[in-house]
Structures are given as structure tokens and as C-alpha cells.
Amino acid sequence: QRALAEASPIRKVKKDAPPFLIIHGVNDTVVPFSQSQKFYDALVKAGAPARLLPVQNAGHTLLPAGGFVSPSYMAIAGEIYAFFDAHLKK
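Everything in this summary refers to the structure shown in the same document. Every chain begins its residue count from 1, and numbering advances along the sequence as written. With the structure being a predicted model, the display of local features is reserved for residues of pLDDT at least 70 and the display and counting of side-chain atom pairs for 80 or more, all residues being used for whole-chain, interface and lining totals. The basis for every side-chain value is the complete set of non-hydrogen atoms in the structure, without hydrogens or water.

1. Here's the deal with the packing of aromatic side chains
Moving on, step 1. Classification of ring pairs rests on two measures: the distance between centres of Phe, Tyr or Trp rings, Trp counted by its six-membered ring, which must be within 6.5 Å, and the angle between planes, read as stacked under 30 degrees, edge-to-face over 60 and tilted in between. According to the stated counting rule, one finds 2 aromatic pairs in the structure shown.
Moving on, step 2. Between the aromatic rings of Phe20 and Phe39, the centroid separation amounts to 5.1 Å while the plane-to-plane angle is 90°, which identifies the pairing as edge-to-face. Taken as a pair, Phe20 in strand S1 (residues 20-25) and Phe39 in helix H2 (residues 33-46) lie far apart in primary sequence, 19 residues in all.
Moving on, step 3. Between buried and exposed lies partly exposed: a residue is buried under 20% and exposed over 50% of the maximum accessible area for its type, with that area taken using a 1.4 Å probe on protein chains only. With a relative accessible area of 27%, Phe20 lands in the partly exposed category. Only DSSP runs of H or I reaching four residues or more are called helices, and only runs of E reaching two or more are called strands; each is numbered from the N terminus.

Next comes the structure, spelled out in C-alpha cells:
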């Protein structure tokens, strides 16, 4: 149990962390969405650049789980492209 806690990425959060784009299916039954929310909240609290993109009606692999996936896969791809474009141009 202690080893799992120590390995958690939330313990490594610091202000000078690299930018994070966290994309998580809200209906994920493998890793609860709350884990990404907590990680995102810790990054923001530390002043690190972060964006959380919840994907409604999506499971662990972003496949449909309960309805139409929202935002759409094309919109998610656009978010990924914009993130890389903003942070990898240097």
C-alpha cells in the first residue's frame, strides 16, 4: 500500500512540472475519473500548466460507455493537436 502511494504521480507535482493534458473518460471503470480530477487539482494548486478534458459517455479507452462520446473524437484530436502546437513549438 505504501509503495503504491509513493509511486503516485500526485506526489511528484510541483510548480515547474511540464504542461499536462489529461483526457479521461468519465465512465471509466478501470481508473476512476476522480483520480484525474485530483491530479489536475493538485497541478493547478501548485501553479503547473494543466488542462483536464473529461470525455462524457467514454470508458477507459475512450470507447463509448453509456451513449455518444462527447466531445467527439475529432474534437479530442483537435485538443491534442492544439496542446502539442502550443507546447512543443519551442
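So, next bit.
2. Quick look at the pattern of salt bridges
Once their charged atoms are close, side chains differing in charge can pair, the charge on each being opposite to the other.
Moving on, step 1. Salt bridge, as applied in this entry: a Lys or Arg side-chain nitrogen positioned within 4 Å of an Asp or Glu carboxyl oxygen. This model, assessed by the stated rule, comprises 2 salt bridges.
Moving on, step 2. For Arg2, the salt bridge is made with Glu6, and the minimal N-O distance between the two is 2.7 Å. Remark: Glu6 and Arg2 occur in helix H1 (residues 2-7); sequence separation between them is 4 residues, near one turn of the helix.
Moving on, step 3. Using a relative accessible area of 36% as the deciding quantity, one classes Glu6 as partly exposed.
Moving on, step 4. Close ionic contact of Arg51 with Glu79 constitutes a salt bridge, the shortest N to O distance being 3.0 Å. Placement of the pair is Arg51 in strand S2 (residues 50-55) and Glu79 in helix H3 (residues 73-87), with a sequence separation of 28 residues.

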